[in-house]
Amino acid sequence: MNKIRISVIIAASVLAAAMAAALPAATAASGSGPPPAGTVRLAGPMRADPAIHYRTQLAGPRQVSAGTVTSLVWAGYAVTADAGQTIGRIQDLLTIPDVNCAQSTLGSSGHAVASVWAGLDGFTSNTVEQAGIGADCSTTTNPATYFAFYEMYPLPAVTFTGVSPGDAIVVIVHRVSTGWNLVLQDRTNGASITTVQPCPSGSNCKDANGEAITEDYNGSVPAGYNLADFGLDNQTDLLATSGSGRNGSLGSGGLWTSSTIDMANGAHRMATPGPLYGGEAFYLGWNASS
């Protein structure tokens, strides 16, 4: 990485942090409270679009050093609850990256994709309760298709139009008595998704992890979905909460341990997170499509 790119990354991170400080607290994103379990409340230009297909992949982490793992599909940071503990809540403020389809190499499926999300589970367990945004390049001559989603993996995601590159997005995933309260709010255009969903039938949602992730979704490189060139994304205002109600950063200890996740195809790095500033913010850079 050259000096110019390092300067751009630092400047973008500072800008994202300043934007986070200027916004109201992310905990206000849920508005009047969650809707009845199993229902979805939409606001602003958010519209369901089942023609957009999103499917997360489990991290499958491979330990490379103390506190650092690689994954073929995930990059970012995760916290894992210590024995006898759970992660009951995660919040994140992200900026939708402006994906460069022209500089992306499409996979054999004809697509290059990227998503940015926050959620619970999936790092060391077999479910994921998440919400976030995605971008899909199906050609190198037209802009990407951008969308928002929530997902209770292994069920497929529910996808929505109504977001654009540059939008500031708050995501909160919170364990509640009736399931998981999934909130996504676009602070730029006023769009939002709020829903409470149960654990999928036959699954065990353990609340074992909390994550802030950029992903190569829909099966990743082996399935022909390359990682789209998102350039840089920033995630700030990060906060995890234990099942007992204790708040902390993604870097704090006591009830959980933190892991850095590099996305790599073998020895070939695809996306790399920068340092975790105060446990509450980081930038993440694109390296390669596959």
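Being a predicted model, the structure only gives us computed values, none of them experimental.

So, how was this worked out
- Residues numbered from 1 in each chain as written.
- Predicted model: local features only at pLDDT ≥ 70, side-chain atom pairs only at ≥ 80, totals over all residues.
- Heavy atoms only, no water.
- Helix = DSSP H or I, 4+ residues; strand = E, 2+ residues; numbered from the N terminus.
- Buried < 20%, exposed > 50% of the residue type's maximum accessible area, 1.4 Å probe, protein only.
- Contact = heavy atoms within 4.5 Å.
- Areas by Shrake-Rupley, 256 points an atom, 1.4 Å probe, with all protein chains shown as cover.
- 1 Å grid on protein atoms, 1.4 Å probe; cavity = no way out; pocket = protein on both sides within 12 Å on 5 of 7 lines; lining within 4 Å.
- Points joined across faces, edges and corners; volume = space filled by probe spheres on them.
- Nonpolar A, V, L, I, M, F, W, Y, C, P; charged D, E, K, R; others polar.
- Pairing = 2+ DSSP bridges.
- Disulfide = S-S within 2.5 Å.
- Salt bridge = Lys/Arg side-chain N within 4 Å of Asp/Glu carboxyl O.

A. Looking closely at the overall build of the protein chain. What the protein chain contains, in helices and strands, is one helix and 20 strands. The buried share of the protein chain, taken over its 290 residues, is 53%. Taking all contacts inside the protein chain whose residues are at least 6 apart in sequence as the whole, residues at least 24 apart take part in 71%. By element, 54% of the accessible surface of the protein chain is carried by carbon and sulfur atoms, the whole surface being about 11,300 Å².

B. Representation of empty space enclosed by the protein in the model. Taken as a whole, this structure holds two cavities of 30 Å³ or more when the rule is applied. In this structure, the largest cavity occupies an estimated 50 Å³ of space. Considering the residues around the largest cavity, the lining is formed by Ile96, Pro97, Val99, Ala114, Ser115, Val116, Ile133, Ala135, Tyr146, Thr214, Phe230 and Asp233. Counting only elements with at least two residues in the lining of the largest cavity, the list comes to β7 (111–120) and β8 (128–137). For the lining of the largest cavity, the leading source of residues is β7, giving three residues. In the lining of the largest cavity, the residues fall into nine nonpolar, two polar and one charged.

C. Quick peek at the pairing of β7. Across the ten residues that make up β7, a large majority, nine, are buried. Direction of pairing for β7 relative to strand β15 (residues 225–227): parallel, over a ladder of three bridges. The residue of β15 that forms the bridge with Ala112 is Asn226.

D. Structural view of the state of the cysteines. What the rule picks out here adds up to two disulfides. In this model, Cys101 is linked to Cys137 through a disulfide, with the two sulfur atoms separated by 2.0 Å. As the torsion about the S-S bond is roughly -85°, the Cys101-Cys137 disulfide counts as left-handed. With Cys101 in the loop between β6 (87–95) and β7 and Cys137 in strand β8, this pair connects stretches of sequence that are 36 residues apart. No difference in accessibility class separates Cys101 from Cys137, as the two residues are buried. Here the protein chain pairs its bonded cysteines, counted in sequence order, in the arrangement 1-2, 3-4.

E. The pattern of salt bridges, seen in detail. One pass over the structure, following the stated rule, counts two salt bridges. In this structure, the salt-bridge partner of Arg175 is Asp207, at a minimum N-O distance of 3.6 Å. Residue Arg175 is located in strand β11 (residues 168–176), and its partner Asp207 is located in the loop between β13 (192–197) and β14 (209–215); the two are separated by 32 residues in the primary sequence. Asp207 gets classed as buried once you look at its relative accessible area, which sits at 7%. Close ionic contact of Asp262 with Arg269 constitutes a salt bridge, the shortest N to O distance being 3.6 Å. On the basis of relative accessible area, Asp262 is assigned to the buried category, the value being 9%.

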